[in-house]
Amino acid sequence: MTAEIINGKDLSTELKLEMKAEVEALKEKGLIPHLTVVLIGNNPASKSYVKGKEKAAAETGISSSIVELPASTTETELLQLIQELNEDTSVHGILVQLPLPEQIREKKVIEAIHPDKDVDGFHPINIGKMMAGEDTFLPCTPYGIITMLKSKNIKIEGKHAVVIGRSNIVGKPVGQLLLNENATVTYCHSRTKNLQELAANADILIAAIGRAHAITADYIKEGAVVIDVGINRLENGSLTGDVDFESAKEKASYITPVPRGVGPMTITMLLKNTIKAAKGLSNIEG
Ligand code: NDP
């Protein structure tokens, strides 16, 4: 079997076109969704992510602004800025780009963002709502993964989903969303004893580890759906996933590539969340 590729870049383009039309309609009602991104310090990867977010927002007509602060910014200064953004009615979504300089506690920052403007879906209130299956801002990468599965009408209900990785931003929430869709979910991590055996039992396998090509064909059941979240930079500078794509695609039924897989979907879902925030804060249906 050669797997069908789920191309996240193409799906993102489609979704952004839909959002563009939605944003135009909102603008006619006097609402311009606005995302403010806060970037602290000079981390090149963070700078490039923020640029990508700005570009994608512009493609959909969402207005965005970037607040750049020096690496020496104190926690108090950042919390003060977040408070001002919480109170600014022209700002609908607030995103503080991670990682933060060591003098600033990530937890404090995440908890300071008003849950109604938390377009990253990291605030404990929104995580709690997600766990309870309530309508809320879903964290962008897991939301993108579920959207990719649904775009191909892949059945989740009753399937055995194995998630490798248990981070707060990817592994844990993607497992929860799969559970919400009635999958039977197994979480694996660095202390899991029989990783290969568990993975090879998955109907849906999510690799969110951060180790290039850790998941070879031996970890994949014939016909499984394989979602590769990993973004790893090789010595030659190219990007690759956690899955050994070439061997895996011969066994899987569906597979996501890296690049052009989960990555573009993450930014796209951020835009979806920004539109949701703008509508929610303005009480506009649609
Ligand atoms: P973390 O480093 O926070 O988590 C990695 C997880 O993998 C941990 O739970 C860890 O286990 C587990 N793990 C590490 N080594 C092994 C191993 N040998 N066997 C089994 N499990 C292992 O990473 P993130 O969740 O933030 O990201 C994961 C990957 O996804 C990275 O490559 C990252 O760049 C990428 N990513 C991609 C995004 C996208 O948009 N496509 C968005 C976010 C991340 P333990 O908990 O026991 O330490």
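What you are looking at is a predicted structure, and each value in this text was computed from that prediction instead of being measured.

Engineer: Where do I start with the UniProt feature "binding site: NADP(+)" (unreviewed entry) in the protein in this structure?
Structural biologist: Per the UniProt annotation, the sites labelled "binding site: NADP(+)" (unreviewed entry) are G165, R166, S167 and I231. Structurally, the position occupied by G165 is in the loop between strand 5 (160-164) and helix 7 (171-180). Look at G165 and you get buried, because its relative accessible area is 11%. Residues in contact with G165, not counting those within four places in the same chain, are G171, K172, Y187, C188 and A208. Examined against the element boundaries, I231 turns out to sit in the loop between strand 8 (225-228) and strand 9 (232-233).

Engineer: Explain the side chain of T274 here, please?
Structural biologist: Note that T274 resides in helix 10 (residues 262-282). Accessibility expressed as a relative area gives 0% for T274, which makes it buried. Within polar-contact distance, the side chain of T274 engages the backbone oxygen of L270 at 2.9 Å. Those residues within four positions of T274 in sequence are excluded, and the remaining contacts are P33, H34, L35, I62, H92 and V119.

Engineer: How should the site of the ligand be read in this particular structure?
Structural biologist: Taken together, 21 residues lie near the ligand, and R166, S167, S190, R211 and T266 sit nearest. Contact distances for the ligand include 2.5 Å between an oxygen atom and a side-chain N or O atom of S190. Of all the elements, helix 10 adds the most residues to the shell around the ligand, at 3 residues. Of the residues in the shell around the ligand, the class split is 9 nonpolar, 10 polar and 2 charged.

Criteria and thresholds
Residues numbered from 1 in each chain as written. Predicted model: local features only at pLDDT ≥ 70, side-chain atom pairs only at ≥ 80, totals over all residues. Heavy atoms only, no water. UniProt positions renumbered as here; feature names shortened; annotations may be inferred. Helix = DSSP H or I, 4+ residues; strand = E, 2+ residues; numbered from the N terminus. Buried < 20%, exposed > 50% of the residue type's maximum accessible area, 1.4 Å probe, protein only. Contact = heavy atoms within 4.5 Å. Polar contact = N/O pair within 3.5 Å; in protein donor to acceptor, adjacent residues only side chain to side chain. Near = heavy atom within 4 Å. Nonpolar A, V, L, I, M, F, W, Y, C, P; charged D, E, K, R; others polar.

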